[in-house]
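The lines below spell out each chain.
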Amino acid sequence: LKRYRCFSCLTMPMTKRPLLHEIAHIKRKHLVKLLGVTCVTLITFQAILYFHPIFGWTSIPLYLIVLLLVSSFYMRRYELEADRFAAFHMGDTNGMISALLTLSRLNYTSTSVKGPIKYFKTHPSIDVRVRHLQQLHGQFPKNRRSSFRH
């Protein structure tokens, strides 16, 4: 219960940024694209198995690992795209960075991920997202009114 009271310390722009991030997933059709990636991965894997049937039943776990790696790669890419969308519509990368760090602290999550596990994560680490947003600093017009027609 104490953890949820911490959300009262968020400012209105700070609550808008995660909302814009989620809206970006809808506007950019990330779920539809991910479904397409899954289908292409399945068809490709089936074609490989058709021409090289040496794997037999052991190909099912192999397929699942490949699917997880491929879909996680695209999901991490979509997360960065959604961050860009939110930063663009707020006109400020520093605010998005602040929101990411605050939400990370409130959710008790680490800001970095090390080792091969990072390839299986659906979200890039907070450090990666912050670096990505820092590279975009100054590219968006300041005090931009958000209109979702883009």
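Here, the structure is the one placed above.
What counts, and at which threshold
Residues numbered from 1 in each chain as written. Predicted model: local features only at pLDDT ≥ 70, side-chain atom pairs only at ≥ 80, totals over all residues. Heavy atoms only, no water. Helix = DSSP H or I, 4+ residues; strand = E, 2+ residues; numbered from the N terminus. Core = buried A, V, L, I, M, F, W, Y, C linked by side-chain atoms within 4.5 Å. Buried < 20%, exposed > 50% of the residue type's maximum accessible area, 1.4 Å probe, protein only. Contact = heavy atoms within 4.5 Å. Patch = residues over 30% accessible without salt bridge, like charges linked within 9 Å, V, L, I, M, F, W, Y side chains within 5 Å. Areas by Shrake-Rupley, 256 points an atom, 1.4 Å probe, with all protein chains shown as cover. Salt bridge = Lys/Arg side-chain N within 4 Å of Asp/Glu carboxyl O. Lys, Arg positive; Asp, Glu negative; His and termini not counted. Charge placed at Lys NZ, Arg CZ, Asp CG, Glu CD. Phe/Tyr/Trp six-rings, centres within 6.5 Å; stacked < 30°, edge-to-face > 60°. Expected span 1.5 Å × (residues − 1). Polar contact = N/O pair within 3.5 Å; in protein donor to acceptor, adjacent residues only side chain to side chain.

What about unusual backbone geometry?
1) Next: Phi is positive for Lys 29, close to 55°, though the residue is something other than glycine.
2) Next: Along the chain, Lys 29 falls in the loop between helix 2 (12–27) and helix 3 (30–51).

Structural notes on the nonpolar core
1) Next: One finds Leu 20, Ala 86, Ala 87, Met 90, Met 96, Ile 97, Leu 100, Ile 126, Val 130, Leu 133 and Leu 136 forming the largest nonpolar core, which totals 11 residues.
2) Next: The set of elements that each furnish at least two residues to this core consists of helix 4 (59–90), helix 5 (93–106) and helix 6 (126–135).
3) Next: Ile 126 has contacts with Leu 100, Leu 101, Ser 104, Ser 110 and Thr 111, leaving out every residue within four places of it along the chain.

Side note on a positive patch on the surface
1) Next: Taken together, the side chains of Lys 27, Lys 29, Lys 33, Arg 77 and Arg 84 define a basic patch exposed on the protein surface.
2) Next: Residue placement: Arg 77 occurs in helix 4.
3) Next: Overall, Arg 77 belongs to the partly exposed group, its relative accessible area being 46%.

Considering the packing of aromatic side chains
1) Next: If you walk through the whole model with that rule in mind, you get four aromatic pairs.
2) Next: For the pair Tyr 50 and Phe 51, a centre-to-centre distance of 5.1 Å together with 85° between the ring planes defines the contact as edge-to-face. Both residues of the pair, Tyr 50 and Phe 51, count as exposed.
3) Next: When the centroid spacing of 6.3 Å and the interplanar angle of 45° are considered together, the rings of Tyr 74 and Tyr 78 count as tilted. Within this pair, Tyr 74 and its partner Tyr 78 are both found in helix 4, separated by four residues, close to a single helical turn.
4) Next: In this structure an aromatic cluster arises from ring pairing among Phe 73, Tyr 74 and Tyr 78.

Some words on helix 5
1) Next: The end-to-end C-alpha distance of helix 5 is 20 Å, a good match for the 20 Å that 14 residues give at a rise of 1.5 Å each.
2) Next: Looking only at helix 5, the buried set comprises Thr 93, Gly 95, Met 96, Ile 97, Ala 99, Leu 100, Thr 102, Ser 104 and Leu 106.
3) Next: A side-chain oxygen of the first residue of helix 5 lies 3.1 Å from the backbone nitrogen of Asn 94; this N-cap is Asp 92.
4) Next: At the C-terminal side of helix 5, Tyr 108 shows a positive phi close to 55°.

Section: the side chain of Asp 83
1) Next: Residue position: Asp 83 is located in helix 4.
2) Next: Those residues in contact with Asp 83, other than ones at most four positions away along the chain, are His 21, Met 96, Leu 100, Arg 129 and Leu 133.

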